[in-house]
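One-letter residues, chain by chain:
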Amino acid sequence: MPLLLRLGVLLLLLLALLDPKLSRPGRVAYLLDFSPSAREGVFALAPRLPREGVYLAFAEGVARLPAPTARRLDLGEGTDLRRAFQEALKLRPDRVVLVSDGLFPPLPAPFPLDAVYVPPRPWVAVRLLPPPYPLYGETVGVRVVLEAPVAAEARVRVEGPAGVLERRLRVEGTRALTYAFPLTERAEVRAVAEGAWGRSEARLEVAPLDRGRALVLGDEALARILEVQGFQVDRGPFRLPLEADLVALGVGVLDLPEGAPEALRDFLRQGGGLLFTATPKGLFLGGWDRALPEDFPLRPLGRKGAALVLVLDVSGSMEGEKLALALSGAVELVRSAASEDWVGVVLFSSSPRVLFPPRPMTEQGKKEAESLLLSVRAGGGTVLGPAFREAVRLLEGVPVARKGVLVLTDGLIADAKEPILELARASGLEVSALALGEDADRGFLEELARAGGGRFYFAARPEELPRLFLREGQEVFQGEGLRGRFPVEARPHPLTEGFRFPPLSFLLPARAEPWAEVLLSSGERAVLALGERGAGRVAALATDLALSWGDWEALAPFLGGLARHLLGGRKALALYAYPEEEGIRAVALGALEAPRLLVGGEEVPMVPTGPGRFEGVVRGEGVLLDGARRIPLALPLPGEWTPRDGRAVLKAMAEGSGGRFFEGEVPPRTPQAAFPLRPYLLVLALLLFLLERYLAFKVAGVTEGAGPLP
């Protein structure tokens, strides 16, 4: 018997070495492109698709379908393939089938991908592109750009100051017309394209730009002054691209969309003008000194500092994206703190753990805190009490007046709640709470925030966490302004000559950065500082115009001169890109010597076409070179109907992932997936080995107990 078992073990190990596999039906996820260009072709193919499988419809959003023939028309007008791939990954499929027209940039698939091509819907999209730099009295041209992924006939009608322009065109790919007219006032141009396929239209306003364009957000007093000074003022909302020469901000970082600081930094570096004013939501109160640390000319003076301890849930339910985004928010919170501020983190699951006690957020302190945060892992239950008590204890010895605790969790608190609430009431700290998702203990967290005199936040999705962390940090770390009578001293500068500045009623104590020039001061405090960053100019005014200088008659001409100085960098150089049949036409305006475009390692010279105007044609993104200046050339973003070779896009994606490409046919219904037998053979071999050993020991024991034969 033991011999047979040994042979069986050897046989199983030999089979395991060969790594045999069985075939089983694979799990298939179907991605159906419901964007406007593809949905009709997908709808026509849907009845031929197999009923088995999991179906996801996508456009800008993604939704699961009960059957391939189900329809959704509420997923947006664009195409977000990356998001569709992310949702498909969650299903852990053996294979994914993408049914689409391929009108999007190629995206590497993170799984084996079969691609089924459907022809796009016939359509002609119309776009209007403004003239690069329209001047008053100049004859300007608005570009009417028509795009069609497949050949289509279109009747085009353009209306504006020059009357009506009508054309019949066959559009395949991209075609462009020019609508020209003399510009003497703000004008509207409207274009309509019609055909058997349907109707599309576009509108565009064009205004003379010899009056500077100013986007003013959150400072109505400044907006009215600039209008009096002849500026074309836009009061928002903030939108990209920034179509202005000057952006004036009396709002905070968190009052603008995500990505606004980066967009403003690029705007400044490329020649735009920035002006910050100290409204109740502006300047330091809005967090701009932290959001643009390298490009902000003022720093808070005499800031007392504050302390905040983050009590972060790291239980098992936080694992994955939730914890990653929570830690990302904590890192942003650390970065937003000033050197006078203290930040600490206490983790809780089944038991508490002090990740790091409150420490000053110096550059070294921030680096150490970020490094520790990136090492956090999730696991365990949701016991808050000990961690909350530890956070309160840690704040006792911190030498600042304002102290706060922020609690974040995505689940139900497992321990007694009343002691936590009692401690929040008695601690004297500012206690805030953040509930993540519908499963969070929302009622208790709201009560905790009320008991601690803090704020309650609710994040429906993990993506909201970083901005909510920043909002709480802004509440705790914000400084305070001074009210009174503050005399103003002017430094010699062309902008201050001829003005006598009255005292201020409100002032945010500030000092200037070494690279900035102080124009106005009050004692040791800087009131107005400006400087150059990249090709642009930036200034910060440490007072609220609605509270100071309201009766000063010379305020409008002084601020008008300051605004013109700031937008001077923008007037000096402007760079635009327009699609044409042969590529992209780049237009540069300004005092340039010998500009050229660097694209794909090759330099393309720009030809002078007028005073201060240079043009060149390229076929990709690049950089404008002129002396020491280097300015990126960004291409117009592709639209939903941008012509592409959809077959080639889908074929390249399928072949690159190890999948197959289909056109006019449906892929096999159920691909076979390999089911490995090696683990089971090894386990069975181990069991036989243990059985053989057991029997051998048993036989040996029986033999010993019998003793010698007589």
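Residues numbered from 1 in each chain as written. Predicted model: local features only at pLDDT ≥ 70, side-chain atom pairs only at ≥ 80, totals over all residues. Heavy atoms only, no water.

### Section: the overall build of the protein chain
Regarding its fold elements, the protein chain presents 16 helices and 39 strands. By the burial criterion, 51% of the 710 residues in the protein chain qualify as buried. Taking the contacts inside the protein chain whose residues are at least 6 apart along the sequence as the reference set, 65% of them involve residues at least 24 apart. Total accessible area computed for the protein chain in this model is approximately 33,400 Å², and 54% of it derives from carbon and sulfur atoms. (Helix = DSSP H or I, 4+ residues; strand = E, 2+ residues; numbered from the N terminus. Buried < 20%, exposed > 50% of the residue type's maximum accessible area, 1.4 Å probe, protein only. Contact = heavy atoms within 4.5 Å. Areas by Shrake-Rupley, 256 points an atom, 1.4 Å probe, with all protein chains shown as cover.)

### Remarks on the sheet that holds strand 2 (residues 28-33)
Spatial strand order, 4-3-2-5-6-38: six strands in an open sheet with mixed pairing. In this open sheet, the two strands that pair with only one neighbour each are strand 4 (62-65) and strand 38 (661-663). Across the sheet, the axes of successive neighbouring strands diverge by a mean angle of 20°, strand direction being ignored. Two elements, strand 2 and strand 3 (residues 54-58), share five bridges in a ladder whose sense is parallel. For L32, the partnering residue across the bridge sits in strand 3 and is A57. In the packing of helix 3 (residues 81-90) onto the sheet, contacts are made with strand 2, strand 3, strand 4, strand 5 (95-100) and strand 6 (113-117), and the angle to strand 3 comes to roughly 160°. The strands touched by helix 15 (residues 646-656) are strand 5, strand 6 and strand 38; relative to strand 6, the strand with the most contacts, the crossing angle is about 165°. (Pairing = 2+ DSSP bridges. Axes fitted to C-alpha atoms, helices over the stretch in contact; angles between N-to-C directions.)

### Side note on the nonpolar core
With 72 residues, the main nonpolar core has F276 and W288 as its most contacted residues. Looking at this core, the element that brings in the most residues is helix 13 (residues 555-566), giving seven residues. Counting residues in each nonpolar core, the second largest holds 33 residues, with L323, V331, L373 and L468 among its members. (Core = buried A, V, L, I, M, F, W, Y, C linked by side-chain atoms within 4.5 Å.)

### Here we look at the side chain of S548
Turning to its location among the elements, S548 is positioned in the loop between strand 29 (536-541) and helix 13. Taking the relative accessible area as the measure of exposure, S548 reaches 0% and is therefore buried. Here the side chain of S548 touches S505 through a polar contact of 3.0 Å, landing on its backbone nitrogen. Setting aside anything within four residues of it in sequence, one finds S548 in contact with L504, S505, F506 and T543. (Polar contact = N/O pair within 3.5 Å; in protein donor to acceptor, adjacent residues only side chain to side chain.)

### Here's the deal with the packing of aromatic side chains
Taken as a whole and judged by the stated rule, the model has 16 aromatic pairs. A centroid spacing of 4.6 Å and a plane angle of 10° characterise the contact between Y30 and Y55, whose relative ring orientation is stacked. Here the residue Y30 occupies a position in strand 2, and Y55 occupies one in strand 3, the gap between them amounting to 25 residues. An angle of 50° between the planes, with centres 5.5 Å apart, marks the rings of F276 and W288 as tilted. On the criterion of sequence distance, the pair formed by F276 in strand 15 (residues 273-277) and W288 in helix 6 (residues 288-291) is long-range, its members being twelve residues apart. Residue classification places W288 among the buried residues on the basis of a relative accessible area of 0%. Over the face of the ring belonging to F458 we find R442, whose NZ or CZ atom lies 4.1 Å from the ring centre. (Phe/Tyr/Trp six-rings, centres within 6.5 Å; stacked < 30°, edge-to-face > 60°. Lys NZ or Arg CZ within 6 Å of the ring centre and 35° of its normal.)

### Comments concerning the sheet that holds strand 15
Spatial ordering of the open sheet is given by 13-12-14-15-29-28-27-24, a layout of eight strands whose pairing is mixed. Edge positions in the sheet fall to strand 13 (232-234) and strand 24 (489-490), since each of these pairs with one other strand and no more. Sheet topology note: the strand 14 (residues 246-249)/strand 15 ladder contains four bridges and is parallel. Of the residues in strand 15, the one forming a bridge with L246 is G273. Its contacts with the sheet place helix 4 (residues 220-228) against strand 12 (213-217), strand 13, strand 14 and strand 15, and it is angled at close to 165° to strand 12.

### Examining a nonpolar patch on the surface
Together, L3, L4, L7, L10, L13 and L682 give the surface a local cluster of nonpolar side chains, amounting to about 600 Å² of exposed area. The leading source of residues in the nonpolar patch is helix 1 (residues 2-18), at five residues. Note on L4: relative accessible area 60%, which makes it exposed. (Patch = residues over 30% accessible without salt bridge, like charges linked within 9 Å, V, L, I, M, F, W, Y side chains within 5 Å. Salt bridge = Lys/Arg side-chain N within 4 Å of Asp/Glu carboxyl O.)

### Some words on helix 7 (residues 321-336)
Since the α-helix advances by 3.6 residues per turn, residues separated by three or four positions end up pointing in the same direction. With 16 residues, helix 7 extends 22 Å from end C-alpha to end C-alpha; this agrees with the ideal 22 Å at 1.5 Å per step. Among all positions of helix 7, only L323, L325, A326, L327, G329, A330, V331, L333, V334 and S336 are buried. (Expected span 1.5 Å × (residues − 1).)

Just distances and angles here, no functional claims.
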